[in-house]
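Descriptive analysis of the structure
Below, each chain spelled out in residue letters.
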Amino acid sequence: MANVNIDWDNLTFSYQPVSKRYVANYKDGKWGKGGLTEDATITLNECAGILQYCQEVFEGLKAYKTKDGRVVTFRPDLNAQRMYDSAQRLEMPPVPKEMFLEAVDQVVVANKDWIPPYESGGSLYLRPYLFATGPVIGVKPSDEYQFRLFATPVGSYFKNGIKPITICVSDFDRAAPHGTGHIKAGLNYAMSLHAYITAHTNGFDENMFLDPATRTYVEETGGANFLFVTKDNTIVTPKSDSILPSITRRSLMHIAEDLGYKVEQRPVKLAELKDFAECGLCGTAAVICPVGKVVDHGKEIAFPSGMSEMGPVLTKLYETLRGIQLGTVEAPAGWIREIK
Ligand SMILES: *Cc1c(COP(=O)(O)O)cnc(C)c1O
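Residues numbered from 1 in each chain as written. Predicted model: local features only at pLDDT ≥ 70, side-chain atom pairs only at ≥ 80, totals over all residues. Heavy atoms only, no water.

1. Structural notes on the overall build of the chain
Helix and strand content of the chain: seven helices and 17 strands. For 340 residues, the compact-globule estimate of 2.2 N^0.38 gives 20 Å, and the chain sits close to it at 20 Å. Considered along the principal axes of its C-alpha atoms, the chain spans approximately 55 × 50 × 35 Å. Looking at the chain as a whole, 53% of its 340 residues are labelled buried. A fraction of 72% describes how many contacts in the chain between residues 6 or more apart in sequence connect residues 24 or more apart. Carbon and sulfur atoms provide 51% of the accessible area of the chain, an area that totals close to 15600 Å². (Helix = DSSP H or I, 4+ residues; strand = E, 2+ residues; numbered from the N terminus. Rg over C-alpha atoms; globule rule 2.2 N^0.38 Å. Buried < 20%, exposed > 50% of the residue type's maximum accessible area, 1.4 Å probe, protein only. Contact = heavy atoms within 4.5 Å. Areas by Shrake-Rupley, 256 points an atom, 1.4 Å probe, with all protein chains shown as cover.)

2. Thoughts on the pattern of salt bridges
Inspection of every chain in the model, using the stated rule, returns 11 salt bridges. The salt bridge involving Asp 275 is made with Lys 274; its shortest N-O contact spans 3.5 Å. A salt bridge links Lys 293 to Glu 300; its shortest N-O distance comes to 3.6 Å. Where salt bridges share partners, they join Lys 262, Glu 264, Arg 266 and Glu 272 into one cluster. (Salt bridge = Lys/Arg side-chain N within 4 Å of Asp/Glu carboxyl O.)

3. Considering the site of the ligand
As a structural note, the neighbourhood of the ligand is formed by 15 residues, with Lys 184, Tyr 189, Ser 246, Thr 248 and Thr 284 the closest of them. Note that an oxygen atom of the ligand is positioned 2.9 Å from one of the side-chain N or O atoms of Arg 82. In this structure, a nitrogen atom belonging to the ligand sits 3.4 Å away from a main-chain N or O atom of Ala 224. Burial of the ligand by the surrounding chains reaches 96%, relative to a free accessible area of 380 Å². The class makeup of the residues in the shell around the ligand is four nonpolar, seven polar and four charged. (Near = heavy atom within 4 Å. Polar contact = N/O pair within 3.5 Å; in protein donor to acceptor, adjacent residues only side chain to side chain. Nonpolar A, V, L, I, M, F, W, Y, C, P; charged D, E, K, R; others polar.)

4. Some thoughts on the packing of helix H2 (residues 76-89) against helix H3 (residues 97-110)
Where H2 contacts H3, the axes come no closer than 9 Å and their chain directions differ by 130 degrees. In terms of axis orientation, H2 runs oblique to H3. Taken as a pair, H2 and H3 cross one another with a handedness that is right-handed. Contacts from Pro 76, Asp 77, Asn 79, Ala 80, Gln 81, Met 83 and Tyr 84 of H2 reach H3 at Lys 97, Phe 100 and Leu 101. Class assignment for the residues of the contact of H2 with H3 results in six nonpolar, two polar and two charged. (Axes fitted to C-alpha atoms, helices over the stretch in contact; angles between N-to-C directions. Parallel < 35°, antiparallel > 145°, perpendicular 65-115°, else oblique. Left-handed = near helix turned anticlockwise from the far one by under 90°.)

5. Points about the domain arrangement of the chain
Considered domain by domain, the chain is made up of domain 1 (8-154) and domain 2 (165-326). Placing a centre on the C-alpha atoms of domain 1 and another on those of domain 2 gives a separation of 26 Å. Each partner contributes residues to the interface: domain 1 has 24 residues there, and domain 2 has 23 residues. Taking both sides of the interface into account, the surface hidden between domain 1 and domain 2 amounts to around 1900 Å²; carbon and sulfur atoms contribute 63%. Counting across the interface, domain 1 meets domain 2 through zero salt bridges. Viewed at the interface, domain 2 and domain 1 are joined by 10 residue pairs in polar contact (both at pLDDT 80 or more). Only strand S4 (56-58), strand S5 (61-65), strand S6 (71-74) and H2 provide two or more residues apiece to the side of domain 1 that touches domain 2. For the side of domain 1 that touches domain 2, the element with the most residues is H2, which contributes six residues. Among the residues forming the side of domain 1 that touches domain 2, the class breakdown is 10 nonpolar, five polar and nine charged. (Domains from an automatic or database assignment. Buried area = accessible area lost by both parts, 1.4 Å probe.)

6. A short note on the packing of helix H6 (residues 247-258) against helix H7 (residues 312-325)
Packing of H6 against H7 leaves a shortest axis separation of 10 Å and a crossing angle of 110 degrees. On the basis of the axis angle, H6 is roughly perpendicular to H7. Residues Thr 248, Ser 251, Leu 252, Ile 255 and Ala 256 of H6 lie in contact with H7, whose contacting residues are Leu 317, Thr 320, Leu 321 and Ile 324. A class-by-class count of the residues in the contact of H6 with H7 yields six nonpolar, three polar and no charged.

Here's what the structure looks like:
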């Protein structure tokens, strides 16, 4: 394959089609053999389940070039498992985990010229997704589905340096109790967009969503989990059935424990935010994005870590996880899948 002509240092987080993507179809009660295609366009029946009743689940992960030139993905088995669980909640046929991992490998290998170099801080973002293609007009699950996985090169999240963000406590809810907040489905994002635009219009970077039942506990943002650090260096993350189980957050909690920090997953009251020393958002996109300030209807809660840098404990966790992904820190067994 010809090398591609990209300005690696100025990549943003936006879609840019690359050579090949993976497609597999589910029909007559079973998955067909999947494979690569150059066609980035999907043609759907007007009555397809995805268009009428929004049956869709997705994942997001990255392929990285390590310092010594290897190509790796980070815990893709957990993405495969999470998409399996998400699909079951929406009555969709889960993508077999082996097929998911095979799709990741094939797409990364086929587009290897599009993986940003180690020095750029960028990565090849991978987007697996499963959606209903069969027609449904009466409300029921579709009979036919398509699984796709495409790749797009993305730049370093912190191109202009790591700057803490300001978030607001939202008046909208993200996920109902006993609803779909714990699965990665497009529908959770569709209904968070209005809250997101509202926050932006009001000058905030993101929303802090509260538990819808009592509006007293912290849940998450539209696309990232919270990590807090107490003044005596305990790492705390909110516990709730309607939070999406972030792989980054679970990995950071594991690393924190290995580094000797005390970690807690428990309900976190909005009222206790003022007692924390550091706050961050975690997800695949940034690993950790520091939060400097939370604004609750005019009341400012400023974390002692401030508005100019990430706090020391989150920095330690961030650097350790980035090191594991980029091959400069030894990874716990099974965390890195090398792609050859
Ligand atoms: C994807 C996602 C996250 C982050 O999960 P990672 O596996 O760490 O990328 C957090 N919250 C929501 C709502 C998400 O959709």
